[in-house]
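Now for the letters of each chain:
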Amino acid sequence: MMHYGLLIFYRYKFKALRLLFFIYSIVGINVFAKPMFSFSAENYTSQSFFSQTAVSAIKEKKNISSVGGVEYEVSIPTIDAGWYELWVEAGEWPTDVFLDGELLAHTVLRSRLWPKNGSLHKVANLNLDGGKHAIRFERLYFPGLPNIRSIAIKPAENPSGMVRAKVGSNSLIFRRNEVFSLDLFTGQNSGSLSLSIRDAATEKIISNISQKITANENNLIIPTDKEGVFDIDFKQPVSGHVERTIQYAVVDTNPSPVDVPSNLNKQLISTINPNVTPSDYFSTLPVQSGDYMESGANGAYENPANPDYFAYTLPLPDKNGFYLVEVDYPDDKNRAFTISLVDEAVNPYALDSGVVTGGAFPLTNSIKTTQLFFYARTINPRLLFLNWHTNQKIAVNQIRVFKILSRLPSLLAQSSERQFGTFFEETLRFTTYFGASPNSNEWDEIKKSADRWAEWSRFAGVNLWMQSIANYQSMMWPSRLLPGYAPAEEDHYGLIGPSSEKDPLQKDLVRLLLLTAEKNNISFIGELNLPMIGFIKDGLDLRFGGTGDAKHNSTQTPWLTVSDQGRIGGDSPFDPYLNPVHPKVQQWVEQLFTELAERYKDSPAFSGIAIRLMGWAFSSWQAFPSIHWGYDDYTIQLFESETGIAVPVSTSDTTRFKKRYDWLIQTHYEQWVEWRCNKIFNFYKKLSGILQKARPGLKLYINAFGPDYSAADWGQYGGWRGRATKLNNLGWFRMIKESGVDPEMLKLSPDIILSNASYYPPGVRAKGIEASMQADTEWKELKDPESILASTRRNANGTESSAQFISNYMEFDFPVKNIGLNKLLRGKDKIRICGVLEPPGKLVLSRYLDALAKGNITLLTDGGIGYILGQPNELRPFLKEYFSLPKIGMQKAGSVDDPVALWYGNKSEEVYFYLVNRSNKTINVKLEFTAGAESLMLTSNAVVDAEQVSLPPYSLTAFKAVESNSVPKGFEILSSP
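Residues numbered from 1 in each chain as written. Predicted model: local features only at pLDDT ≥ 70, side-chain atom pairs only at ≥ 80, totals over all residues. Heavy atoms only, no water.

Where an unreviewed UniProt entry is consulted, the protein appears under the name Family 10 glycosylhydrolase, with the organism given as Methylomonas rosea.

In structure tokens, the structure reads:
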């Protein structure tokens with residue numbers, strides 16, 4: 001109103017008026033006032049996915065916190081077109097903001113760069129043409145929209161409201177010298193704009209860009225010539241910040257060589273002798289037993305209310321260091337205990353290692369050592385020992401703490417053809433294991449953890465990352481195809497602390513890992529599990545043609561699988577759900593593969609995509625859960641039309657599902673199983689084709705966690721006893737075929753790689769009345785050669801295979817008050833222990849050696865949850881031998897049951913071979929060759945006497961024949977255990 005009054009007062013004084021207009025334009029004030037629009041949250045124009053209960057709650061509480069989207073419309077008169085500011089009263093968690101259907105930003109609905117206006121926070125600047133516009137807020141994952149209470153769209157009054165920066169790429173992680181284009185939209189002519197580029201670690205300004213503010217669009221190229229994490233600040237001399245700070249990261253994928261030590265450089269900082277120094281915390285006082293201290297007998301599995309434990313506080317010299325704990329323990333009886341590194345800043349999981357002795361592992365009656373490496377976050381973490389099974393007591397002889405003083409020595413001096421990989425079963429676990437601080441989810445904490453993971457990988461001998469990139473409602477790239485899945489950096493299961501205000505886009509964590517892998521000559525496979533937990537059911541229901549309300553699933557939703565008992569889509573989020581042969585399900589998965597393949601095909605580290613087949617949380621888009629699923633109307637009708645076999649059960653019969661199962665199993669079992677296998681194989685070929693089209697050489701990996709995925713039917717079909725019976729009757733091959741996965745079909749495609757992931761150590765989680773049956777069955781599955789044969793494929797004159805292992809982790813929620821911590825930084829009073837138990841000494845290699853004896857393994861992975869860094873003192877010598885072998889087809893000489901295995905193969909005219917000793921004793925063998933018997937050990941070039949080759953216990957030894965085409969056709973064991 002002031003503007004119009006001034007206009008009347010000076011209407012006859014043009015010179016004064018022109019001067020006034022000039023002054024107003026300098027300070028950025030519009031002479032003709034534009035309208036302001038304001039909305040209470042409940043006054044939206046439209047909404048998506050809100051239930052009637054949610055709608056009623058919004059009207060009553062005038063607050064929007066449901067999962068879904070909400071839209072507000074404004075109409076701008078043509079004369080009032082121009083710059084406006086979006087202000088919102090809401091909570092702090094990130095939200096998608098759309099303007100007229102285009103993603104404006106994925107960001108926190110506030111910024112501390114601008115002062116509050118009452119309860120409103122400024123979110124963004126908008127340049128609005130005349131006409132209707134729609135502002136949409138959307139958050140399709142837990143916990144929903146951030147308590148939106150009110151929205152205001154205000155006319156911009158100065159340059160701070162007349163600038164908008166738009167990132168010209170789909171991520172904010174770049175290779176060094178890669179183009180980072182930024183489009184800058186500005187308002188009326190009002191001076192200059194300064195862009196300051198600041199190193200986020202040092203706060204040092206590394207570059208300044210001055211940009212004249214004109215009513216135009218400007219394209220800027222942001223420097224990416226240096227590795228690091230950087231902030232871009234946008235300022236105008238008078239108005240201050242005119243746009244949100246944007247953070248980006250740069251990775252130098254072709255760095256200059258750096259000096260690394262040849263040995264681990266460590267300094268002993270403390271030694272704890274439990275016989276002398278009592279534990280700081282304990283359930284019952286540990287007692288001395290010979291030269292070690294032993295806990296009470298209660299185990300967490302049998303006595304969860306009162307398990308036995310003890311713990312020490314580790315005084316560290318600084319909270320940012322890299323440390324090693326060594327624990328000496330007796331290998332003298334059955335034991336199962338975890339060793340956890342717990343601190344208040346746990347982020348959000350502890351590092352959980354552990355020990356298992358006795359049982360199937362032969363005792364040595366000696367002192368053994370286990371190692372736990374960790375990045376500190378506090379100076380007084382606790383080292384917690386927890387007992388898991390009754391009478392399998394904790395026993396500790398000595399604890400030593402070292403500080404690592406330099407970079408880690410690298411085992412991977414050059415690339416290897418064979419692969420050994422780390423598998424992370426959840427999306428952002430690597431930040432926990434590699435010391436991300438609980439500061440925020442900004443790029444620096446994540447990049448720091450990725451760099452540490454890479455350094456560790458090169459030290460331990462890991463040249464492959466098999467990373468779960470979408471699992472348990474969490475994803476690692478900004479997909480629009482996974483409604484209900486949260487960006488991994490926001491789900492509070494990998495990073496804690498306030499959400500970044502510097503992200504206009506969801507973080508692309510897959511690209512960060514790919515570029516880090518490129519830098520370190522590591523391959524990367526992205527793994528998909530995709531359980532149907534939470535909102536994704538509703539989102540996919542709408543995509544597939546439903547109402548968007550999955551609570552009303554019925555036989556009218558043919559994209560859902562149905563069991564022989566008539567269960568439609570399962571009864572819990574962890575049950576089978578989708579119909580793997582329905583075209584809409586397959587099209588959705590194909591779109592997901594296309595999105596990933598096209599997005600990441602430029603990275604040489606990107607090796608392909610893996611599909612997980614695992615009974616727990618198996619949502620069945622990948623395959624059928626078991627022979628007991630797939631009896632819905634759609635699938636049966638498709639089977640009838642494609643095979644000509646009519647199933648004599650009426651579609652109106654309410655008991656038709658069980659009748660279909662009975663008839664098919666009794667009369668057409670082979671045809672039914674074969675048809676299912678063909679449907680799944682053709683689906684996999686489509687997915688493989690998408691990868692090949694994006695970039696030849698990309699592979700589809702099928703990661704089978706055993707041969708059956710019907711954990712939802714566990715009790716109904718006999719539990720562990722039923723599983724054992726089924727394995728005995730069918731065998732591994734026929735059992736996995738019942739899920740539609742035929743290993744022989746998959747071998748027809750060279751770009752589809754099937755592997756079995758065996759749980760290890762077998763039986764350690766067994767408890768209750770089926771404990772013995774569970775342990776026996778798990779051991780049988782591990783030893784069964786069929787799981788290796790299933791992955792075996794031809795390669796020239798031999799074969800090659802793959803094998804994977806997943807930690808059989810020990811899971812328990814431990815009260816942190818028991819170790820002197822009131823609460824963790826997340827406000828939790830318990831820490832989830834996920835401990836990985838390892839057998840003593842070289843027995844940690846026994847699983848790998850057994851696999852290498854059964855097959856010529858060229859792809860080997862290990863991991864899951866818990867401390868998956870292994871025991872590098874044993875692992876590194878083994879991997880040095882493994883990596884020295886070329887990736888060639890090989891043939892086996894000798895019996896499956898021999899403690900020694902020999903595999904040999906040709907690379908051109910050169911003959912390579914390896915020997916495995918699976919026993920706990922040194923074995924001497926005599927080699928028989930078709931020609932000259934002289935050979936070289938690949939890791940040392942030492943000449944080997946074929947008359948007597950000495951193989952240490954639990955060892956792999958790699959060789960090359962000196963004479964061309966001289967093949968080791970067999971061996972004779974001269975001495976054996």
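(A) Spotlight on the overall build of the protein. If you tally the helices and strands in the protein, you get 17 helices and 51 strands. Its C-alpha atoms give the protein a radius of gyration of 32 Å, near enough to 30 Å, the size a compact globule of 977 residues would have. Its C-alpha atoms give the protein principal-axis dimensions of roughly 115 × 75 × 65 Å. The buried share among the 977 residues of the protein stands at 61%. Entry remark: accessible area of the protein is about 37200 Å², with carbon and sulfur atoms responsible for 51%. Computed over 99 positive and 104 negative side-chain charges, the separation of the two mean positions in the protein equals 4 Å. (Helix = DSSP H or I, 4+ residues; strand = E, 2+ residues; numbered from the N terminus. Rg over C-alpha atoms; globule rule 2.2 N^0.38 Å. Buried < 20%, exposed > 50% of the residue type's maximum accessible area, 1.4 Å probe, protein only. Areas by Shrake-Rupley, 256 points an atom, 1.4 Å probe, with all protein chains shown as cover. Lys, Arg positive; Asp, Glu negative; His and termini not counted. Charge placed at Lys NZ, Arg CZ, Asp CG, Glu CD.)

(B) Inspection of the environment of Asp252 at higher detail. Within the secondary structure layout, Asp252 lies in the loop between strand S17 (240–251) and strand S18 (266–272). The spacing of Asp252 and Leu782 is 530 residues in sequence and 41 Å in space, taken between C-alpha atoms. There is a polar contact of 3.1 Å between the side chain of Asp252 and the backbone nitrogen of Asn254. (Polar contact = N/O pair within 3.5 Å; in protein donor to acceptor, adjacent residues only side chain to side chain.)

(C) Geometry of the pairing of strand S30 (residues 419–424). The buried fraction of S30 is high, at six of six residues. The alternating pattern of S30 places Gln419, Gly421 and Phe423 and Phe420, Thr422 and Phe424 on opposite faces, both of which are buried. Summarising the sheet, S30 and strand S42 (residues 857–864) pair through six bridges and their orientation is parallel. Residue pairing for S42: Gln419 is matched across the bridge by Leu859. (Pairing = 2+ DSSP bridges.)

(D) View of the packing of helix H5 (residues 443–460) against helix H17 (residues 872–883). Where H5 contacts H17, the two axes come as close as 9 Å, and the packing angle between them is 65 degrees. Residues Trp456, Phe459 and Ala460 of H5 pack against Pro872, Leu875, Arg876 and Leu879 of H17. (Axes fitted to C-alpha atoms, helices over the stretch in contact; angles between N-to-C directions. Contact = heavy atoms within 4.5 Å.)

(E) Geometry of the nonpolar core. Counting residues in each nonpolar core, the largest one holds 225 residues, and the members touching the most others are Phe385, Trp477, Leu528, Trp588 and Tyr684. Take this core: its biggest share by element is 13 residues, from helix H11 (residues 669–694). Dropping the residues within four chain positions of it, Tyr684 is found in contact with Ile611, Leu613, Gln622, Ala623, Leu700, Ile702, Val741, Leu746 and Ile752. (Core = buried A, V, L, I, M, F, W, Y, C linked by side-chain atoms within 4.5 Å.)

(F) Up close: the pattern of salt bridges. Tallying each qualifying case throughout the model produces 66 salt bridges. Across the salt bridge formed by Asp318 and Lys403, the nearest N and O atoms sit 2.4 Å from each other. Here Asp318, found in the loop between strand S22 (309–313) and strand S23 (322–331), pairs with Lys403, found in strand S29 (residues 398–404); they are 85 residues apart in sequence, far enough to count as distant. For Asp318, a relative accessible area of 22% puts it in the partly exposed group. (Salt bridge = Lys/Arg side-chain N within 4 Å of Asp/Glu carboxyl O.)

(G) View of helix H10 (residues 656–667). Helix length check: H10, at 12 residues, gives a terminal C-alpha distance of 16 Å against a target of 16 Å (1.5 Å per residue), a fit within 8%. Residues of H10 that are buried include every one of Arg656, Phe657, Arg660, Tyr661 and Leu664, and no others. Down the axis of H10, the smallest arc covering the buried residues is 135 degrees, so these residues share one side. (Expected span 1.5 Å × (residues − 1). Arc of directions from axis to C-beta.)

(H) Focus on the side chain of Lys447. Secondary-structure assignment places Lys447 in helix H5. Looking at Lys447, the relative accessible area reads 6%, which means it is buried. If sequence neighbours within four positions are ignored, Lys447 has contacts with Glu227, Gly228, Val229, Ala249, Val250, Val251 and Leu512.

(I) Region of the structure containing the packing of aromatic side chains. In total, this model carries 49 aromatic pairs according to the counting rule given. Geometrically, the ring pair formed by Phe180 and Tyr248 is edge-to-face, given 4.9 Å between the ring centres and 65 degrees between the ring planes. Note that Phe180 is positioned in strand S12 (residues 180–186) and Tyr248 in strand S17, a separation of 68 residues in sequence. For the pair Phe180 and Tyr248, a shared accessibility class is recorded, and that class is buried. A ring pair is formed by Phe424 and Trp453, whose centres lie 4.8 Å apart and whose planes are at 80 degrees; its orientation type is edge-to-face. Of this pair, Phe424 sits in strand S30 while Trp453 sits in helix H5, and the two are 29 residues apart along the sequence. As far as the burial class goes, Phe424 and Trp453 line up, both buried. Aromatic ring contacts, followed pair by pair, group Phe322, Phe373, Tyr375, Phe424, Phe430, Tyr433, Phe434, Trp453, Trp456, Phe459 and Trp465 into a single cluster. For the cation-ring pair, Lys266 lies above Phe402, with the distance from its terminal atom to the ring centre recorded as 4.4 Å. One residue, Arg429, lies across the ring of Tyr349, its end atom 3.4 Å from the ring centre. (Phe/Tyr/Trp six-rings, centres within 6.5 Å; stacked < 30°, edge-to-face > 60°. Lys NZ or Arg CZ within 6 Å of the ring centre and 35° of its normal.)

(J) Region of the structure containing unusual backbone geometry. Of note, the bond from Phe142 into Pro143 is cis; its omega dihedral lies within 30 degrees of zero at 5 degrees. You can see Pro143 is positioned in the loop between strand S8 (131–139) and strand S9 (150–155). Note the cis peptide between Tyr760 and Pro761, where omega equals -5 degrees. Mapped onto the elements of the fold, Pro761 is located in the loop between strand S37 (752–760) and helix H14 (771–783). At Asn365, a residue that is not glycine, the phi angle is positive and equals roughly 50 degrees. Positive phi outside glycine occurs at Leu530, with the angle close to 60 degrees. Considering the arrangement of structural elements, one finds Leu530 in the loop between strand S34 (523–528) and helix H7 (536–543).

(K) Spotlight on the sheet that holds strand S43 (residues 891–893). Ordered in space as S43-S44-S45-S50-S47-S48, the six strands form an open sheet in which the pairing is antiparallel. In the strand order of this sheet, the two ends are held by S43 and strand S48 (943–944), each with one partner. Bridging between S43 and strand S44 (residues 900–907) involves three bridges; their strand directions are antiparallel. Opposite Ala893, over in S44, you have Leu902 as the bridge partner.

(L) Summary view of helix H9 (residues 633–643). Looking only at H9, the buried set comprises Asp633, Thr635, Ile636, Leu638 and Phe639. On its buried side, H9 packs onto H10 and H11. Its side-chain oxygen at 3.3 Å from the backbone nitrogen of Tyr634, Asp632 defines the N-terminal cap of H9. Positive phi shows up at Gly644, right after H9, with a value of about 80 degrees.

(M) Quick peek at the sheet that holds S12. One open sheet holds the three strands; their spatial order is S10-S12-S15, and the pairing between them is antiparallel. The sheet is open, and its two edges are formed by strand S10 (163–167) and strand S15 (217–222), each paired on a single side. Averaged over neighbouring strand pairs, the angle between their axes works out to 25 degrees when direction is ignored. Where S10 meets S12, five bridges bridge the pair, whose relative direction is antiparallel. Considered in S12, the bridge of Ala165 is made with Leu184.

(N) Just the environment of Glu89, in detail. Mapped onto the elements, Glu89 comes out in strand S4 (residues 82–89). Note: C-alpha distance between Glu89 and Asp897 (808 residues apart in sequence) is 70 Å. If sequence neighbours within four positions are ignored, Glu89 has contacts with Ser119, Leu120, Asn147, Ile148, Arg149 and Ser150. Side chain to side chain, Glu89 and Ser119 meet in a polar contact 3.2 Å long.

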